[in-house]
Every structure is written in C-alpha cells, then in structure tokens.
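Observations on chain architecture
So you can see what is in the structure, the chains are spelled out below.
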Amino acid sequence: MAVELTDPSGIPVKVVAGLHELPALPAQAPHMFNFGHHQARTNAPQRPPREPAAVQRLGHVVLQSTRYIEALNWYLDNLGLIVSDFLYFAGQRDRGPTMSFIRCDRGATPTDHHTLAMALGPANRYVHSAYQVSDLDALAAGGEYLRERGYFRSWGIGRHIQGSQLFDYWRDPDGFLVEHFADGDLFDNTLEPGWAPFTASGLAQWGPPASGDFLGTSPKHARAEALSMFNAVREHNEFDVKRLIGLLKVATS
Ligand SMILES: [Fe+2]
C-alpha cells in the first residue's frame, strides 16, 4: 500500500507500508580487525579482496530546497521525523538553520543519525544518496575497484562529523552522486539536536578537503549554479541575497 505525496519543494514522496521482504542477497563478510591490544586475528593475514563494495542497504538521501524550513517542517509534521543536527550559516544563526540531519523517531530503538538530510540552496533537487557497506576495507577496496575502471571520485575517503560515517562519494557516468559509507552513528530518541556552523571544513573529521565537485563549485558546475542562484534570489522563497552570501562562504570556510 502506498500514499503519493508532494513535499513543499515539489519533490514527490511515496509513503509505503506492508512491503514484503525478499531473501537477503549474499553478504560481504566484515573483516576481523586487531584493535590495539584487542587482537582477535592470528595466523591469518589481512587480505581484503579488491572487489565491488556490496551494498547492504540504503542509508539516507540528501535534498536541497529553496524552501528548506517549510520542507523541514513538512517532514517533521507528516512523517514524525526528528532532528539530529542543525547547521547554520556563519553569522546568521539568529535567522535559523540552513541544513538539518533528520532521523526516524523509533523510540528506544536506535536508528541512523540521518535517514534524510536537507539543506537550503538555490534549487529543489536531489544531492546524493548513501549506501551502507560492511566496513572500511570494503569501502576502500571497492573504491579502488571503481577508480581502476575510470569512475570519478567526487570526495573521499574521510570520516564525517554529523553522523560519523566513513564516507566515499562517487559520480556515476550520468553525474548522479552516490555515497558508500560504513560505521555510521545510531541514535535513539533521547538525544537533543546539535548545532554547528555550516562550513566545508566542518563536514569531515579527517580526509581530503571537500572537493569543488562535491560542493558544486567546480568550473563544470559554475555556470549552472550561477544561473540557479540568480533565479532563486529573484523568486519568492527562503533563498535571499543574505542566504546566497552565507552559502558562498560555506565552500571557503
Ligand atoms: Fe551522506
């Protein structure tokens, strides 16, 4: 059974109940690690195979909206989602958040730090979707597999701050952005939302700097981005000139 809705950004949302589950596909076994003095592996060299990372499940989707607060409230009110972390543009905290990481309220049952993340921006669009793989070796070896075949790594490998995931971002041949991740945070419904400034350097604890491709500031994106910013500022929405200035500062801070 499904209900088809449209969120305030115009993005179609299908709420589905009573899905029948299919048998699980063969899993990629997690590796056995020696952690410091906790040494679980002996007489067995670590040899992660260089093979495609097997996706275990969809973790989250990230959307951008010109009506971010309106869309955020719609998801909180209609789907009962709760906020794990808010980000705000530096110097504009008094105007409220411009990005939020949102999780399902499953009571005492831990759930992903974010199932949905939303940011204020000049267009209503998909940003990326993220797929869990078993561990860091599966992530990295799977990344080598893609790199050797000429795929474009957008950003990675690193560890996020909001959600703590080990991440690796790739573009498929159509430019569609996807993330492989492992070791993400799980929260129950007792944690209060966090607040932090929205900066490129604040998106990761370690790893290479966020790339222009990931941030949408690379030359191949510049023309389309400038046009969408120009149009968004002229339209009646939450993305005004001050917000545009705030967004431009994110990439360089
Ligand atoms: Fe992500």
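Everything that follows concerns the structure shown earlier in this document.
Read on for an overview of the structure. (Residues numbered from 1 in each chain as written. Predicted model: local features only at pLDDT ≥ 70, side-chain atom pairs only at ≥ 80, totals over all residues. Heavy atoms only, no water.)

A few words now on the sheet that holds strand 9 (residues 116-120). Pairing in this open sheet of ten strands is mixed, and the strands run 15-6-7-9-5-10-13-12-11-16 from one edge to the other. Of all the strands in the sheet, the pair left with one neighbour each is strand 15 (194-197) and strand 16 (204-206). The average angle at which neighbouring strand axes cross in this sheet is 25 degrees, direction not considered. The pairing of strand 6 (residues 82-88) with strand 15 spans four bridges and is parallel. Considered in strand 15, the bridge of D85 is made with G194. (Pairing = 2+ DSSP bridges. Helix = DSSP H or I, 4+ residues; strand = E, 2+ residues; numbered from the N terminus. Axes fitted to C-alpha atoms, helices over the stretch in contact; angles between N-to-C directions.)

Listed as protein donors to the iron ion are H60 (NE2), H128 (NE2) and E179 (OE); their distances from the metal cover 2.0 to 2.2 Å. Expressed as a motif, the donor residue spacing for the iron ion is H-x67-H-x50-E. In this pair, H128 sits in strand 10 (residues 125-132) while E179 sits in strand 13 (residues 177-182), placing the two residues 51 residues apart along the sequence. Neither H128 nor E179 differs from the other in exposure class; each is buried. (Donors = N, O, S within 2.8 Å, 3.2 Å for Na, K, Ca; no water. Buried < 20%, exposed > 50% of the residue type's maximum accessible area, 1.4 Å probe, protein only.)

All right, on to the environment of S154 then. Mapped onto the elements of the fold, S154 is located in strand 11 (residues 152-160). The exposure class of S154 is buried, given its relative accessible area of 4%. S154 sits 60 residues away from F214 along the chain, and the two C-alpha atoms are 5.7 Å apart. Setting aside residues up to four positions removed in sequence, S154 forms contacts with Y169, W170, R171, L177, S211, D213 and F214. (Contact = heavy atoms within 4.5 Å.)

Among the secondary structure elements, Q28 is positioned in the loop between strand 2 (12-16) and strand 3 (34-35). Relative accessible area serves as the criterion here: at 12%, Q28 is assigned to the buried category. Only 2.9 Å separates the side chain of Q28 from the side chain of E51, close enough to count as a polar contact. Of note is the side chain of Q28, whose polar atom sits 2.8 Å from the backbone nitrogen of A54. Apart from residues lying up to four places away in sequence, Q28 is in contact with E51, P52, A53, A54, S134 and A138. (Polar contact = N/O pair within 3.5 Å; in protein donor to acceptor, adjacent residues only side chain to side chain.)

Before going further, it helps to examine the pairing of strand 9. Of all the five residues making up strand 9, five are buried; the element is thus mostly covered by neighbouring parts of the structure. With burial as the criterion, each face of strand 9 is covered, one bearing L116, M118 and L120 and the other bearing A117 and A119. One ladder, built from five bridges, connects strand 5 (residues 57-65) with strand 9; its direction is parallel. Each residue of the ladder has a partner; that of Q64, found in strand 9, is A119. Pairing analysis gives four bridges linking strand 7 (residues 99-103) to strand 9, with the strands arranged antiparallel. Looking at strand 9, one finds that I102 is bridged to L116.

Moving on to the pattern of salt bridges. Across all of its chains, the model carries twelve salt bridges by this definition. For the salt bridge of E225 with R125, the shortest nitrogen-to-oxygen distance reads 2.9 Å. Here R125 lies in strand 10 and E225 lies in helix 4 (residues 219-234), a separation of 100 residues in the sequence. Taking relative accessible area as the criterion, R125 reaches 26% and is therefore assigned partly exposed. Ionic pairing is found between E144 and R147, a salt bridge with its closest N-O pair at 2.5 Å. With a gap of three residues between them, E144 and R147 both fall in helix 2 (residues 136-148), about one helical turn apart. The class for E144 is partly exposed, based on a relative accessible area of 21%. Look at R147 and you get partly exposed, because its relative accessible area is 43%. (Salt bridge = Lys/Arg side-chain N within 4 Å of Asp/Glu carboxyl O.)

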